[in-house]
Amino acid sequence: MTDPVGAADRLHDAVSGAIDDVLAAATAPPGPIFVGWAAAGDAAACPAAYRAQGEDGWGFPGWSPALAAGAIARAALDLHLDDQRGGADRLPDPLEAVRGWMRAATSVGARGVAGWVGELRAERDTATLAAAAAAASRWLAGFVRVLGWPLPPGLALLNVTRDDAQGVAPRWWPRKGSPVSVGSGADARIGRVRGAGGHRLVVHRPAAGDDREVHGRATFEAAAGALVHRVAPVAVVVTAGDTSERARVEVDGDMLTAGGGMIVEVVRQRAVAVERGYDPADATPSARCRWCDLRDACPPGRDWLAGAGRWRGGLPVVEIG
Ligand code: SF4
């Protein structure tokens, strides 16, 4: 990537223009659209299933221990790093670090995951608190195991909720007043964001997924990160806590274009959804059919689940003969 600022600018122009075209051609305003990795992954995997989710599925599903794990773990690690700034690099005890942050999160009205933890504490919901602490400490332990300790020089946590609720999630809008916003879901950045480029984005997952998911996630985060920071990253590092995997995906122009396309596709599908939700014409079977709510009523999904394809979901296709 020789011109990371120019690449981000070109992506900005291309994605903004494509979104303008989609919104101008929509038969009715699709309403506010937030594009994060979950929406981009869903729309890319099966447009029919994505549209069928409707308002309930497109919105934030609400916090749960699994969903809150990363947010709590980043906040706990951020607090741990803050506590020892200028001192020794003391390896965090994952569960103690998480519990310490959760004990301090007492503000019910705080923004983000801190408010949810504050509510659980006010309601004395110890079972959910324990489940959230366990999931978050697993996330934190995996993050530190894969990235090493001390953490790589120049690492900065992203998407951090601070107990003063000032943590800001990185977002990009195509233009002022646009109903579309894009969120970068990277967990950390290595290296400063400078005009010369060179920084990497880190996406951590507690458990490994298949290679398509790794590449899809890296593609989306490369584009979202370039739009949010106005400088393209040099690479996206996707890690997995359970296997200690660390996949570095180099970012180039084609990847940014593909990531921008994923963003625009979410907006396009939301515009189409104003007219129709599920449509078998663009139902796209994959391993996701196994847990899709429509699997009993969707002919392509039913056929796929009844055929040999289901046995290959997530596995390489073996050539016979
Ligand atoms: S069953 Fe499969 S193909 Fe059908 S809508 Fe769901 S994910 Fe798409």
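Everything that follows concerns the structure shown earlier in this document.
Residues numbered from 1 in each chain as written. Predicted model: local features only at pLDDT ≥ 70, side-chain atom pairs only at ≥ 80, totals over all residues.

Caption draft 1: Spatial organisation of the environment of His-80. By secondary structure assignment, the location of His-80 is in helix α5 (residues 65-83). The spacing of His-80 and Arg-90 is 10 residues in sequence and 8.9 Å in space, taken between C-alpha atoms. For His-80, the contacting residues outside a window of four places in its chain are Pro-92 and Ala-97. (Helix = DSSP H or I, 4+ residues; strand = E, 2+ residues; numbered from the N terminus. Contact = placed C-beta atoms within 7 Å.)

Caption draft 2: View of the packing of α5 against helix α6 (residues 94-104). Where α5 contacts α6, the two axes come as close as 8 Å, and the packing angle between them is 95 degrees. With respect to α6, the element α5 is oriented roughly perpendicular. On the side of α5, the interface is formed by Ile-72, Ala-73, Ala-75, Ala-76, Leu-77, Leu-79 and His-80, while α6 contributes Ala-97, Val-98, Gly-100, Trp-101 and Met-102. For the contact of α5 with α6, a count of residues per class yields 10 nonpolar, two polar and no charged. (Axes fitted to C-alpha atoms, helices over the stretch in contact; angles between N-to-C directions. Parallel < 35°, antiparallel > 145°, perpendicular 65-115°, else oblique. Nonpolar A, V, L, I, M, F, W, Y, C, P; charged D, E, K, R; others polar.)

Caption draft 3: Highlighting the sheet that holds strand β6 (residues 200-205). Spatial ordering of the open sheet is given by β2-β5-β6-β7-β8, a layout of five strands whose pairing is mixed. Strands at the two margins of the open sheet, each flanked by one partner only, are β2 (155-157) and β8 (245-250). On average, each strand axis in the sheet is inclined to that of its neighbour by 25 degrees, with strand direction left out of account. One ladder, built from three bridges, connects strand β5 (residues 188-190) with β6; its direction is antiparallel. Counted as the bridge partner of Ala-188 is Val-202 from β6. (Pairing = 2+ DSSP bridges.)

Caption draft 4: Inspection of the pairing of β8 at higher detail. Bridge analysis of strand β7 (residues 235-240) against β8 gives six bridges, and the strand direction is antiparallel. By the bridge assignment, Thr-239 is partnered in β8 with Arg-246. Between β7 and the antiparallel strand that follows it, β8, lie four residues; Ser-244 among them carries a positive phi value of about 60 degrees.

Caption draft 5: How the structure looks around the site of the ligand. In the vicinity of the ligand lie 14 residues, with Cys-46, Cys-289, Cys-292, Cys-298 and Gly-301 positioned nearest. In the shell around the ligand, the residues fall into 10 nonpolar, two polar and two charged. (Near = placed C-beta within 6 Å.)

Caption draft 6: Quick look at the sheet that holds strand β4 (residues 180-183). Judged by pairing direction, the sheet is mixed, and its three strands sit side by side in the order β1-β4-β3 without closing on themselves. A single partner strand is all that each edge strand has here, and the edge strands are β1 (33-35) and β3 (171-172). Two elements, β1 and β4, share three bridges in a ladder whose sense is parallel. Bridged to Ile-33 within β4 is Val-180. Sheet strands touched by helix α10 (residues 253-273): β1 and β4. Its angle to β1, the strand with the most contacts, is close to 150 degrees.

Caption draft 7: Quick peek at the nonpolar core. Counting 91 residues, the largest nonpolar core has Ile-72 and Ala-136 as the members making the most contacts within it. Aside from chain neighbours lying at most four places away, what touches Ala-136 is Ala-68, Ala-69, Ile-72, Ala-73, Ala-76 and Val-98. (Core = buried A, V, L, I, M, F, W, Y, C linked by C-beta atoms within 7 Å. Buried ≥ 20, exposed ≤ 12 C-beta atoms within 10 Å, placed from the backbone.)

Caption draft 8: Structural view of the packing of helix α1 (residues 4-25) against α10. Direction vectors running N to C along α1 and α10 enclose 20 degrees, while the axes themselves pass 10 Å from each other. Considering their axes alone, α1 and α10 lie roughly parallel with respect to each other. With respect to the hand of their crossing, α1 and α10 are arranged in right-handed fashion. Residues Ala-7, Leu-11, Ala-14, Val-15, Ala-18, Ile-19, Val-22 and Leu-23 of α1 lie in contact with α10, whose contacting residues are Gly-253, Leu-256, Gly-260, Ile-263, Val-264, Val-267, Arg-268 and Ala-271. Counted by class, the contact of α1 with α10 contains 13 nonpolar, two polar and one charged residues. (Left-handed = near helix turned anticlockwise from the far one by under 90°.)

Caption draft 9: Focus on the pairing of β7. The element β7 is largely enclosed, with a buried count of five among its six residues. Direction of pairing for β6 relative to β7: parallel, over a ladder of six bridges. Bridge assignment links His-204 to a residue of β7, and that residue is Thr-239.

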